[in-house]
Each structure stands twice: as C-alpha cells, then as structure tokens.
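Understanding the architecture of this molecule
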Amino acid sequence: MTHPVDNQNERISAVVIEAEQMNKTIAKGAATALPLNTILDGDCIERMASMPSNSIDMIFADPPYNLQLKGQLHRPDNSMVDAVDDEWDQFSSFGVYDHFTRAWLKEARRILKPNGALWVIGSYHNIFRVGSALQDEGFWILNDVVWRKSNPMPNFRGKRFTNAHETLIWAAKSQERKYTFNYDAMKALNDDLQMRSDWLFPICTGGERLKDETGQKLHPTQKPEALLARIILASSKPGDVVLDPFFGTGTTGAVARRLGRHYVGIERDEAYIEAAEQRIAAVVPLTGESLQMAGGKRAEQRVPFASLVEAGLIEPGTQLTDAGRRHVAHVRADGTVSVSGEAASIHRVGAKVQGVAACNGWTFWHVDTGGQLRPIDELRRLVRERMALRQEAG
C-alpha cells in the first residue's frame, strides 16, 4: 500500500520536473508573453514555470498555512467554527510541505526582476519554515512585518494565547540587489512618522468578505484590502507587475488594479476564480494625480556636482556666489570649487566660508545668468530630467 506522504511527494516532484522542462524551453527563446491582468487556472509551480525569467516586479504570496487541524473545532456553546480545513491546506508531513515550499519559491525567484521583491504571509504554523526555505533559495530578508489583528478570532479552548497576528516576510531577490521602497509614501501614510513593522488592521469582515450562495464565507483566509494596499504602495510603482501565485478570491488583483498596477493571478479553484473575476471587473482604477507617489530626497537620483560640469551646464572657471553675494568660489574642471586656493566639494567649501560645520552646497551656491542669481540646484533638476528621459527611451 502506498503511503499518503509518498503520493504527495510524487505529485510535487512530477510538477517540479515538468517545471524544469518548461524552464529549458524558455531558455531556448520559446517563452510566451507575460499574461497581464489575467487569472491563470492551475498549479502555481507549473504556471510560474511558463513565465519569462526576470519579468515580475513584486510577488505577494499567501501560501497554504498547513494548519494541521485534527477534527472539528467548536465554540463554548457547541456551535462549529468555520475553520480552515480545505483540501489545499492539508499536507501529509512537514517534509512534503517543505518540498512544496522550496519548489514554488524557486520559480518565484526565477521570474522576479533583479530589483523585484517577494512578500510572504503566514502564521506560526508555517512562516518559520517558509522563512528558512526562502533564505536557502537565495532571497535576502529585508523585514518581517507583524500584522496585528484588531478583531482576532478567540481561542475557544482556552489552552493557548489568542492568536492575534500573522507574520509577513519582505525579501529582495538577493543581498546585492536593489529593491523598491517608497519610504516617503509610507511616512506620509503614518502621519509623517517612520512606518513601523507592526501594522494594525482588522480581519476581513462585513461587506468586504465574499460570501457563497448559502451566506458562508467563500474563502477561509481572505485578506483585507487595506493590508494589500499598504504592501503594494510600499514596494511597487504604478505600471509594475504584481504576481499572486495563491490568488484565492482576488484581493491582490483588485487592489493592484485600483492602484494602477498590472496583476497576474494563479488559482486552481474554479469558484475562487469566478468570484475574483467578478470582483476585479467591478474595480474602478485610480488615474492621474491620484496615483502619484509621495517622493522626497531619498527617491531622487543622486547627481554629483561634477555632472553639471560634464553636461556643460556650468563651465570650469565659472564663479559661484551665495544669495547675498558675500562669498565667491571658482568652479574647477574636476567638479570641485575653490576659495583662496583651497578646493573641495560645494558642501565643504560652503561650510568653510560660513564658519559652520555643514552646508547644503546645492542651495547655498548660485550662478549669475544675465544678472539674475540662480541656485545651482535648478541645474541639478535639469540633469535629473535628462536622465529620466534617457531611462524612458532605453
């Protein structure tokens, strides 16, 4: 008699082998275009294997939690709790679950762009195993974020603490890779304070919770849209592609569409797919100014003063002065400026002539154009605009 563990392992192994064959086909140039704003029906490993490498900007994954529930759960009044006992959350052993986790994470990392990022959510049942596996696959953990539930389900048996949170892992493709983090947008969202790694949201209830024809919740672990909105706003840009390999009833797709991102969903349950399609079709996307992200100095591309000289916006030998014309510095060909024969950066020289510890040379120094003083910071903005145009063209 074949053991259930062996059956699950064999099925997962077969999917992994098929995925590897698809990867070889893609490597030969036979990959299909990325199916934007689409829900793909099927196994997440197989479907990801059919996607081009380095094609996804952000992945949000809400994989099976492997809750290991034994029997039915009842409230003190003996009514039954609608717990997560679906077939998709049942694995015959930790080993089988680990095998599955490593397989989908491997494909997820392959299809992520070099500067892409992965978010995974889980409970104490699975998140530590997932965290270990994603590190083994080469991901670099940036933060763990605690979603603290304002209205958690009680612990009906009274034998443990109320489980009032879930854990999110945010990871870059590798330690060396850059990633998107909209720091200023998150700070603005948090009343101009740095966004912390503990987030308070209620669980999905009321009108947001999708119900079936009997009035029961359609999906047992539907996530609140506010949680997905913060994740997407934090680590993606309008026009980016967001993948959810465990799409469920489409929270990720609905929020991505509203926020001007493209989505790709993978789901194998037909009822979930139908509900997700209807839900997303009803979303009205934001446009124009509503989609602009809060920006700041961190978001701006670094431009050294020498770039202004190289671009011909300021010639070597040009005199710079402060707004009151009290101090004069001379521009050198190497991008330094000099006063009384001493040369250094625009910042150090500005600080020296004022007798202060630090100075923002971009706002302190001005250039005279036709009798009008113009801050050199205006010239830096021109360089940034040119760089942005080149990036769009390339």
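Report follows, based on the coordinates. (Residues numbered from 1 in each chain as written. Predicted model: local features only at pLDDT ≥ 70, side-chain atom pairs only at ≥ 80, totals over all residues. Heavy atoms only, no water.)

Looking now at the overall build of the chain. Each helix and strand in the chain was counted, giving 12 helices and 14 strands. Here the chain holds 394 residues, and the buried ones make up 44% of them. In the chain, once contacts between residues fewer than 6 apart in sequence are set aside, the share between residues at least 24 apart is 69%. Of the roughly 21,000 Å² of accessible surface on the chain, 49% is carried by carbon and sulfur atoms. (Helix = DSSP H or I, 4+ residues; strand = E, 2+ residues; numbered from the N terminus. Buried < 20%, exposed > 50% of the residue type's maximum accessible area, 1.4 Å probe, protein only. Contact = heavy atoms within 4.5 Å. Areas by Shrake-Rupley, 256 points an atom, 1.4 Å probe, with all protein chains shown as cover.)

So, about the sheet that holds strand β9 (residues 319-321). Read from one edge to the other, the open sheet built from six strands follows the order β12-β11-β10-β9-β13-β14, with strand pairing classed as antiparallel. At either end of the open sheet lies a strand with only one pairing partner, and these are β12 (342-344) and β14 (372-375). Strand-to-strand twist in this sheet, taken as the mean axis angle between neighbours without regard to direction, amounts to 40 degrees. In terms of strand pairing, β9 meets strand β10 (residues 328-331) through three bridges, oriented antiparallel. Note that in β10 the partner of glutamine 319 across the bridge is histidine 330. (Pairing = 2+ DSSP bridges. Axes fitted to C-alpha atoms, helices over the stretch in contact; angles between N-to-C directions.)

To continue, consider the environment of asparagine 182. In this structure, asparagine 182 sits in the loop between β5 (165-172) and α5 (183-189). Put simply, asparagine 182 and serine 235 are 53 residues apart on the chain and 6.1 Å apart in space, counted from C-alpha to C-alpha. Setting aside residues up to four positions removed in sequence, asparagine 182 forms contacts with Leu233, Ala234, Ser235, Ser236 and Met293.

Summarising the element assignment, leucine 193 is placed in the loop between α5 and β6 (198-201). We classify leucine 193 as exposed; its relative accessible area is 55%. Apart from residues no more than four positions distant in its own chain, leucine 193 is found in contact with Met186 and Lys187.

On β10, burial follows the alternation: Ala329 and Val331 on one face are buried, whereas Val328 and His330 on the facing-out side are not. Hairpin connection, β9 to β10: the antiparallel pair is bridged by six residues, and arginine 325 has positive phi, about 55 degrees. The pairing of β10 with strand β11 (residues 337-339) spans two bridges and is antiparallel. Paired with valine 331 across the strands is valine 337, a residue of β11.

This brings us to helix α7 (residues 251-258). Summarising burial for α7: six of the eight residues are buried, a large majority. Residues of α7 that are buried: Thr251, Thr252, Gly253, Ala254, Val255 and Ala256. Those residues of α7 that are buried are in contact with β2 (56-61), α6 (225-235), β7 (241-244), β8 (262-267) and α8 (270-281).

With that out of the way, let us pick up the sheet that holds β7. If you trace the eight strands from one edge of the open sheet to the other, you get β1-β8-β7-β2-β3-β5-β4-β6, paired in mixed fashion. In the strand order of this sheet, the two ends are held by β1 (38-41) and β6, each with one partner. Geometrically, the sheet is characterised by an average inter-axis angle of 20 degrees between neighbouring strands, direction not taken into account. Examined bridge by bridge, β2 and β7 share two bridges and lie parallel to one another. Following the sheet pairing, isoleucine 59 is matched in β7 by leucine 243. The strands touched by helix α3 (residues 94-111) within the sheet are β2, β3 (112-122) and β7, with β3 carrying the most contacts at an inclination of about 145 degrees. With respect to the sheet, α8 is in contact with β1 and β8, its orientation differing from that of β1 by roughly 175 degrees.

For the structure shown, the criterion picks out 13 salt bridges. Here aspartate 198 and arginine 196 are joined by a salt bridge, their closest N and O atoms 2.8 Å apart. Relative accessible area serves as the criterion here: at 32%, aspartate 198 is assigned to the partly exposed category. Among the ionic pairs, arginine 380 bridges to aspartate 377, the shortest N-O distance being 2.7 Å. Within this pair, arginine 380 and its partner aspartate 377 are both found in helix α12 (residues 376-393), separated by three residues, close to a single helical turn. A single burial state applies to arginine 380 and to aspartate 377, both of which are buried. Counted as one network, the salt bridges with shared partners bring together Asp377, Arg380 and Arg381. (Salt bridge = Lys/Arg side-chain N within 4 Å of Asp/Glu carboxyl O.)

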